[in-house]
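Descriptive structure summary
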4 protein chains.
Amino acid sequence: MQRLAIGPLYYEFSRHYSPRLRIRPGETIVVATEDALSGQIRTNDDRRDKVAMPYSNPLTGPIAVEGAEPGDSLAVTIHEIRPTGGQAATRTAEPKQLCEWLGTDCPHGAHVCPIRDGLIYWSDTVTIPYAPMIGCIGTAPDWGCPTTLPAGPHGGNLDILETAPGNTVYLPVFVTDGLLYLGDLHAAMGHGELSATGLEMAGETTLTVDLLKQSRLAWPRIESPEEIMAVVSGPPMERSIAQAYAQLILWMESSYGWDRWRAYDLLTHVGRISVGYYGLGTVAAKVEKRYLAGK
Amino acid sequence: MQRLAIGPLYYEFSRHYSPRLRIRPGETIVVATEDALSGQIRTNDDRRDKVAMPYSNPLTGPIAVEGAEPGDSLAVTIHEIRPTGGQAATRTAEPKQLCEWLGTDCPHGAHVCPIRDGLIYWSDTVTIPYAPMIGCIGTAPDWGCPTTLPAGPHGGNLDILETAPGNTVYLPVFVTDGLLYLGDLHAAMGHGELSATGLEMAGETTLTVDLLKQSRLAWPRIESPEEIMAVVSGPPMERSIAQAYAQLILWMESSYGWDRWRAYDLLTHVGRISVGYYGLGTVAAKVEKRYLAGK
Amino acid sequence: MQRLAIGPLYYEFSRHYSPRLRIRPGETIVVATEDALSGQIRTNDDRRDKVAMPYSNPLTGPIAVEGAEPGDSLAVTIHEIRPTGGQAATRTAEPKQLCEWLGTDCPHGAHVCPIRDGLIYWSDTVTIPYAPMIGCIGTAPDWGCPTTLPAGPHGGNLDILETAPGNTVYLPVFVTDGLLYLGDLHAAMGHGELSATGLEMAGETTLTVDLLKQSRLAWPRIESPEEIMAVVSGPPMERSIAQAYAQLILWMESSYGWDRWRAYDLLTHVGRISVGYYGLGTVAAKVEKRYLAGK
Amino acid sequence: MQRLAIGPLYYEFSRHYSPRLRIRPGETIVVATEDALSGQIRTNDDRRDKVAMPYSNPLTGPIAVEGAEPGDSLAVTIHEIRPTGGQAATRTAEPKQLCEWLGTDCPHGAHVCPIRDGLIYWSDTVTIPYAPMIGCIGTAPDWGCPTTLPAGPHGGNLDILETAPGNTVYLPVFVTDGLLYLGDLHAAMGHGELSATGLEMAGETTLTVDLLKQSRLAWPRIESPEEIMAVVSGPPMERSIAQAYAQLILWMESSYGWDRWRAYDLLTHVGRISVGYYGLGTVAAKVEKRYLAGK
């Protein structure tokens, strides 16, 4: 099994970087990634130094997928996410967008949490179940080089809880070889990622990358054993919710034979929304697969 | 046990209507309500006639709570919601806000679904678990008379899944007697209520109304056996999410002794968002009670 | 000429209040109004006391227009706005929505500015041209009683610069008699009304009210000698801009014979937007009348 | 005077392209640019072919400014914008974001308008004053390569009416040499650019580029003989308005000695907003210079 170590830290989903690994469709690999804070916080005494590193969410990649061409899509199945440092780091910082309600006297601080036996030790009295996910995953667009801050049709800083082991993420291919990047692992994440800094960790992700020829996607999709999900990002969030449901309906139409307006009716009653980072307006609209057979 | 039958259909949370029932704090009552479509759709051949009734979401009420004064709050515990007609009605209509993605050729149609044995028979092949909730619940403001379309600090058209049996809804009191109204029951509801018309049903709700003196609330709150939740409504939804988390943090601070910024950190990792009607930007920010002891 | 003095201060566009004046269509009247701060600030030492008066923007009215019925509209031509106290009052207060960029150390303070000879004396060194407008003008809806905070199809807290002498405001009639209210005069106003408190003044407005039978309006309109304007309110503002242009296009189609898509093309190149209170997302989309003949 | 001809059409503000022209600070140059439609529409029979060219708004550049380093800013004074083809082209296309109000039966069509003697001949009966502006102007960021669709701190697709002859645009420098790009000239533009396709023209722009050392800008600024303006982009527009006013206040504080809260008060009464492309939420907050002396 090929392993891709942390190399130069890239902060863009860029077509301008040379592939660091070349894989065949269907290959399973292990990818090591640095944490979102570029490893600056290892103890509670460390501080995020934005002069030394102004960017967030370093990526490992790009990974070239043989035969990938514009108009194809990648199916990335996540098997396992393992914390390599045995801990996650977070930090509280001035919640500027919330100061209207909470004020601005937030004590800035690093907060390192050990991870052991499936638990994150947030404090002496609070443990959080280890529920890892990938914050940033995406392909290189043909037009523009997005930073690791936004999310978009290429994926990017999706920060969706469901980008997690057991699930498959579908991403569009825009350039030859696809050029897949990932990073920004979280040991756990709340809906909305309120402070914009999750339980950030360096880790190793085991994943399989399949290639779906001529399967153009407007936005990323996620599939779990129980659900299919359409992901859309961008403010205002209510617009992204409408668009994500529309993408889910079009998926039900094209892949499961549903009438568009029957799907629209059904999702009104059984659809579910998972909220990603609230500042970006990212959401996944979901439906349980058990409904899909009943078109 | 007092029962309040459907009376005149009111479409406003208004202080100008006379109480139809007067109860003592702690009293358990049964309230009958018409469906959101004012009962216009009973079969698949019926149509929503907006000339005959241009308003939606008729309410039963107001209910006067003895001793309720401005600055108090009501704690409304929902025990049971029973469909009186044995069915729910929904309809597809031009999805104007979605026409950008789905087009405008939606076949208009009523869709009546029988409810039996805990199941909603949406079609011959699809059944949806009966998971009833109250769409509209609120008190009469002292300033303005909101229609049954928006949600606000008074409650209103909350359309939140968690306004459901087993849970308690906390609502502010603005005028003497509180003046509680409810209506718009749904047999089940998806996050976002995509088409704006749920599985609407007439029904009877059993609830207990308690009075909390001098407990001013900025926005409604909901408590389930496992979670506490702060509800905020208004576009853009990302702003409501931030404000709902802020309200939840202030609740953790005032009632559970949490430091504000510790709560802010914790919710980043374990908070959950439940999305109400997307067109209004209504959300509930939630946290499991088991975390609250660990301040 | 009938004069309507300041009477009870109403803070709602409500159908529940009895008309204080009854006029014939075409009649010219003078209406006196209190300032938006309910007269609490007369000197720089005064403070806005929200305990004594929690509401803002008191109205004078309602004015009944003989023969007005639902589906009609009122054409309110503003002739003159005169400050009765010879001054305007404003105040700086915590700019909560801006604290992300400006901080929260705003010195709270009243600021009274004399008005003389067409000038507002804002300071020893700064004078602002006297450019009065009506902040709140609207009719009573049949459904709900809006407070004096929002704007809507009924008008309300429009805070649009163009609600000014020389111009005509068109408002829909929802109930018998129309029930017109006005208040919240500003001696001048910037686009957006940044602090939400303009140069508030008590004053007398001279206006003529005409009745247009069977002329249903979706939203208020304004006409100046040079321009026609469609007003829409509500966040996000970009949606209101699109909707206001759509309303303007439909007006060009129905009243000036334009093809809808030609109007859409033209407005892309010559349309203008006037921004009202930014917190409400209120805008007017405008076009110069000289273009209208060229359909 | 150096002239930069149209070269390879770039559609990104990218640091990866080599400078096509190198100038000294203070130098005046002429820059030729293709139209936003990549020259695909020259007659009313032409169509925008998105297969042949999926991107919009081609740029000429980059222009290297000697001595420009990160933390500096460029002051670009626009002297003249001349249409090289004697015409502007626009097109109507499905107004997806407006279909809720206008429907979807828009006849797609190119529309070419001759420009002569300071007039744009939009039709036989309608002429529009020639009021040219630059739609896209910006520098290459150090992080990410924005396409020519969005606007941001680097400038980009600003689509602000005030990027016009007689005015100076201030842009931040992020990389050595600055790397200035421009394109997307409009012969005239309405507020909001409703259809997203203005009166697009190829042209030649005469401009002077000055270098301001160590003058870090958070967002672009514009200065006219009468006004100073702060530009911010991003939805929701109401947030951009608040942020643009905040940027304007901070400018008044740092460059004109104003107290922040006095400026906040003044702008409430005399500030003006110019709306750029509504789909991006771009605005300029403006104040007349004559007020600035009166701090």
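Before reading on, note that the structure itself is shown above.
Now for a description of the structure that goes with this document. Owing to the predicted nature of the structure, the values given are computational and were not obtained by experimental measurement. (Residues numbered from 1 in each chain as written. Chains lettered and ligands numbered in written order. Predicted model: local features only at pLDDT ≥ 70, side-chain atom pairs only at ≥ 80, totals over all residues. Heavy atoms only, no water.)

1. Digging into the pairing of strand E14 (residues 180–186) of chain D
Residues and elements named next belong to chain D. Buried residues dominate E14, accounting for seven of its seven residues. With three bridges connecting them, strand E4 (residues 59–65) and E14 associate as antiparallel partners. When the sheet's bridge partners are listed, Leu59 is paired in E14 with Gly183. Alignment of strand E10 (residues 133–139) against E14, held across six bridges, turns out to be antiparallel. Within E14, the residue paired with Met133 across the bridge is His186. Where E14 and strand E15 (residues 200–201) come together, two bridges link them in antiparallel fashion. Note on E15: the bridge partner recorded for His186 is Glu200. (Buried < 20%, exposed > 50% of the residue type's maximum accessible area, 1.4 Å probe, protein only. Helix = DSSP H or I, 4+ residues; strand = E, 2+ residues; numbered from the N terminus. Pairing = 2+ DSSP bridges.)

2. Quick word on the packing of helix H2 (residues 237–256) of chain C against helix H3 (residues 260–270) of chain C
Residues and elements named next belong to chain C. Packing of H2 against H3 brings their axes to within 9 Å, and their N-to-C directions diverge by 130 degrees. Here H2 is positioned oblique relative to H3, judged by the angle of their axes. By crossing handedness, the relation of H2 to H3 is classed as right-handed. The segment H2 lies against H3, with Tyr245, Leu248, Ile249, Leu250, Met252 and Glu253 engaging Arg260, Ala263, Tyr264, Leu266 and Leu267. The class makeup of the residues in the contact of H2 with H3 is nine nonpolar, no polar and two charged. (Axes fitted to C-alpha atoms, helices over the stretch in contact; angles between N-to-C directions. Parallel < 35°, antiparallel > 145°, perpendicular 65-115°, else oblique. Left-handed = near helix turned anticlockwise from the far one by under 90°. Contact = heavy atoms within 4.5 Å. Nonpolar A, V, L, I, M, F, W, Y, C, P; charged D, E, K, R; others polar.)

3. Considering unusual backbone geometry
Here the amide bond leading from Pro235 of chain A into Pro236 of chain A is cis, since omega sits at -10 degrees, within 30 degrees of zero. Within the fold, Pro236 of chain A resides in the loop between strand E18 (227–232) and helix H2 (237–256). Despite not being glycine, Asn57 of chain A has its phi angle at roughly 65 degrees, a positive value. Of note, Asn57 of chain A is situated in the loop between strand E3 (27–33) and strand E4 (59–65). A positive phi angle is found at Asp159 of chain B, which is not glycine, with a value near 50 degrees. Inspection of the secondary structure puts Asp159 of chain B in the loop between strand E12 (155–157) and strand E13 (168–172). The exposure class of Asp159 of chain B is buried, given its relative accessible area of 2%.

4. Here we look at the side chain of Ser274 of chain C
Residues and elements named next belong to chain C. Positionally, Ser274 belongs in strand E19 (residues 272–275). Overall, the relative accessible area of 1% leaves Ser274 in the buried class. Here His191 takes part through its side chain, which lies 3.4 Å from a polar atom of the side chain of Ser274. With near-sequence residues (within four places) excluded, Ser274 lies in contact with Ile160, Glu162, His191, Thr282, Val283, Ala284 and Lys286. (Polar contact = N/O pair within 3.5 Å; in protein donor to acceptor, adjacent residues only side chain to side chain.)

5. Let's talk about the interface of chain A and chain B
A common measure of how large an interface is: the accessible area buried when the components associate. Taken together, the contacts link 63 residues of chain A with 63 residues of chain B. The contact between chain A and chain B buries some 5600 Å² in all, and 67% of this surface belongs to carbon and sulfur atoms. Area buried by chain A at its contact with chain B is led by Trp101, Trp261 and Tyr264 of chain A, which between them contribute 14% of it. For the pair chain A and chain B, the interface holds two salt bridges. For the salt bridge of Arg239 of chain B with Glu100 of chain A, the shortest nitrogen-to-oxygen distance reads 3.0 Å. Summed over the shared surface of chain A and chain B, the result is 25 residue pairs in polar contact (both at pLDDT 80 or more). (Buried area = accessible area lost by both parts, 1.4 Å probe. Salt bridge = Lys/Arg side-chain N within 4 Å of Asp/Glu carboxyl O.)

6. Regarding the sheet that holds strand E5 (residues 73–83) of chain D
Residue and element names in this part refer to chain D. Reading across from one edge, E1-E3-E16-E5-E13-E17-E18-E20-E19 is the order of the nine strands in this open sheet, with mixed pairing throughout. Looking at strand neighbours, the two that pair on one side only are strand E1 (2–4) and strand E19 (272–275), the edges of this open sheet. Neighbour to neighbour, the strand axes of the sheet diverge by 25 degrees on average, direction disregarded. In this sheet, strand E13 (residues 168–172) lies alongside E5 in antiparallel orientation, the contact comprising five bridges. Residue pairing in the sheet places Leu74 in a bridge with Leu171 of E13. Packing against the sheet, helix H2 (residues 237–256) makes contact with strand E17 (221–223), strand E18 (227–232), E19 and strand E20 (283–288), and its axis sits at approximately 135 degrees to E18.

7. Focus: the environment of Tyr10 of chain C
All names here are of chain C. If you trace the backbone, Tyr10 turns up in the loop between strand E1 (2–4) and strand E2 (21–23). Considered as a pair, Tyr10 and Ser56 are 46 residues apart in the sequence and their alpha carbons are 9.8 Å apart. Setting aside chain neighbours within four positions, we find Tyr10 in contact with Tyr17, Asn57, Pro58, Leu59, Gly61, Pro62 and Tyr181.

8. Observations concerning the state of the cysteines
Under the counting rule described, the total for this entry stands at two disulfides over all chains. Here Cys99 of chain A engages in a disulfide with Cys99 of chain C; their sulfurs sit 2.1 Å apart. Taking the torsion about the sulfur-sulfur bond, which here is approximately 110 degrees, the covalent link between Cys99 of chain A and Cys99 of chain C counts as right-handed. Of this pair, Cys99 of chain A sits in helix H1 (residues 99–102) while Cys99 of chain C is found in helix H1 (residues 99–102), placing the two residues in two different chains. The burial state of Cys99 of chain A is the same as that of Cys99 of chain C; both residues are buried. Here Cys145 of chain A is not cross-linked by a disulfide; its sulfur's nearest cysteine counterpart is in Cys145 of chain D, at 3.2 Å. Take Cys145 of chain A: its relative accessible area is 2%, and that puts it in the buried class. Take Cys113 of chain C: it sits in no disulfide, and the sulfur closest to it among the cysteines is that of Cys106 of chain C, at 15 Å. For Cys113 of chain C, a relative accessible area of 0% gives the class buried. (Disulfide = S-S within 2.5 Å.)

From the geometry alone we can't say anything about function, so treat these as descriptive.
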